[in-house]
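For reference, the chains in residue letters:
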Amino acid sequence: MGLSVPAAPTAVGGVRGFWRQFRRHRLGVAGLAAVVLLGLVAVFAPLLAPYDPFSTSRNAFAPPGSPGHILGTDHLGRDVLSGVIWGARVSLIVGLAAAFTATVIGIAIGAVSGYFGGWVDELLMRITELFQIIPRFVLALIVVAFFGSGLTNLILVIGILSWPQTARLVRSQFLRHRSLPYVDGARVVGMRAPRIIFSEILPNVMAPVIVVASLDIAQAILLEASLGFFGLGDPNLRSWGGMLNTAQGFVQRAWWMSVFPGIAISLAVLGFNLVGDGLNEATDPRLREGS
């Protein structure tokens, strides 16, 4: 009679149970609606934008409500609404890609550190702490200034600077799970470490990782906008941060040039943060029991 691996702990209720818990968090649902709206605007930007975002005209500094320009125009006659719409695409691409990069790096380092422990854990955690104490925005400024501000560079820089939080979370989860019966059973039947890490333990620790990833998206959007504000965004793309950079010299004359991109950044960041709060409540059994 062959050996069997003890069952791993699983979430109760499946997708329906998760959604039932999530929708009880009204702010989380509101955040999800904002995120979905942002995604739709980003996907359908070519159809929704009334003009090319870089198209100039003689109608400079047209105020909001002007004919053909609902949100007005900038100093070059570019339509602000079109810039905001196309900026949603840039922000979402950077946010999702940078968060994915950070999550992959964080999972790899945290899983290896938490599973093997010992000197491996010590070494990886010291590296993690080194990244945590470095001012992320300052380092991002330096790296982008030296290596260029293309979209790929922005994603890589933000992703590489954002993984420590995920790594520490995954490590703590692996430290707790590695001595549970289902992991001991996997070792007994001869499973190798990589398979135990990625097939047995990792699926059972992903819930909090997803929560952190949603917050990483918000932070990546904010960091990209901050870099764009300092003139280090991709010059070939219309972004919210770049629009704010352009608006600096015209705040008193054309307030709408800065207000509308600023509102878009705030709503995007707030939306993902609220989704993160909702996910945290829906996946934390202690919060569910107390509700």
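Definitions and limits used
- Residues numbered from 1 in each chain as written.
- Predicted model: local features only at pLDDT ≥ 70, side-chain atom pairs only at ≥ 80, totals over all residues.
- Heavy atoms only, no water.
- Patch = residues over 30% accessible without salt bridge, like charges linked within 9 Å, V, L, I, M, F, W, Y side chains within 5 Å.
- Areas by Shrake-Rupley, 256 points an atom, 1.4 Å probe, with all protein chains shown as cover.
- Salt bridge = Lys/Arg side-chain N within 4 Å of Asp/Glu carboxyl O.
- Helix = DSSP H or I, 4+ residues; strand = E, 2+ residues; numbered from the N terminus.
- Buried < 20%, exposed > 50% of the residue type's maximum accessible area, 1.4 Å probe, protein only.
- Expected span 1.5 Å × (residues − 1).
- Polar contact = N/O pair within 3.5 Å; in protein donor to acceptor, adjacent residues only side chain to side chain.
- Contact = heavy atoms within 4.5 Å.
- pLDDT = per-residue confidence, 0-100.

**Student:** Even after reading the chapter, I still don't get a nonpolar patch on the surface, so can you show me in this structure?
**Tutor:** Taken together, the side chains of V36, L40, V43, F44, L47 and L48 define a hydrophobic patch exposed on the protein surface, amounting to about 580 Å² of accessible area. Where the nonpolar patch is concerned, the elements lending two or more residues are α2 (26–43) and α3 (45–48). Considering each element in turn, the nonpolar patch owes the most residues, three residues, to α2. Mapped onto the elements, F44 comes out in the loop between α2 and α3. Accessibility expressed as a relative area gives 39% for F44, which makes it partly exposed.

**Student:** Please explain unusual backbone geometry as it appears in this structure.
**Tutor:** For residues other than glycine, phi is negative in most cases, and the peptide bonds are mostly trans. Backbone geometry places F61, a non-glycine residue, at a positive phi of 55 degrees. Note on placement: F61 falls in the loop between α3 and α4 (80–116).

**Student:** Even after reading the chapter, I still don't get helix α11 (residues 206–229), so can you show me in this structure?
**Tutor:** Because an α-helix packs 3.6 residues into every turn, residues spaced three or four apart end up facing the same way. Compared with the 34 Å implied by 1.5 Å per residue over 24 residues, the 34 Å span of α11 between its first and last C-alpha is a close match. Once α11 finishes, G231 follows within two positions and takes phi at roughly 80 degrees, a positive value.

**Student:** What am I meant to see in the side chain of S82 here?
**Tutor:** On the secondary structure map, S82 appears in helix α4. Relative accessible area serves as the criterion here: at 0%, S82 is assigned to the buried category. A polar contact is formed between the side chain of S82 and the side chain of D79, at a distance of 2.8 Å. With residues near it in sequence (within four places) discarded, S82 still touches A49, P50, Y51 and P53.

**Student:** Is there a simple way to explain the confidence of the model for the chain in this structure?
**Tutor:** Low-pLDDT portions of the prediction should not be read for the details of their coordinates. Here the chain shows a mean pLDDT of 88. Residues at 70 or above account for 92%. α4 holds the highest mean pLDDT among the elements of the chain, 95, whereas helix α14 (residues 285–290) holds the lowest, 53. Confidence drops under a pLDDT of 50 for residues 1–5, and excluding neighbours within four residues, the segment shows seven contacts in the predicted structure.

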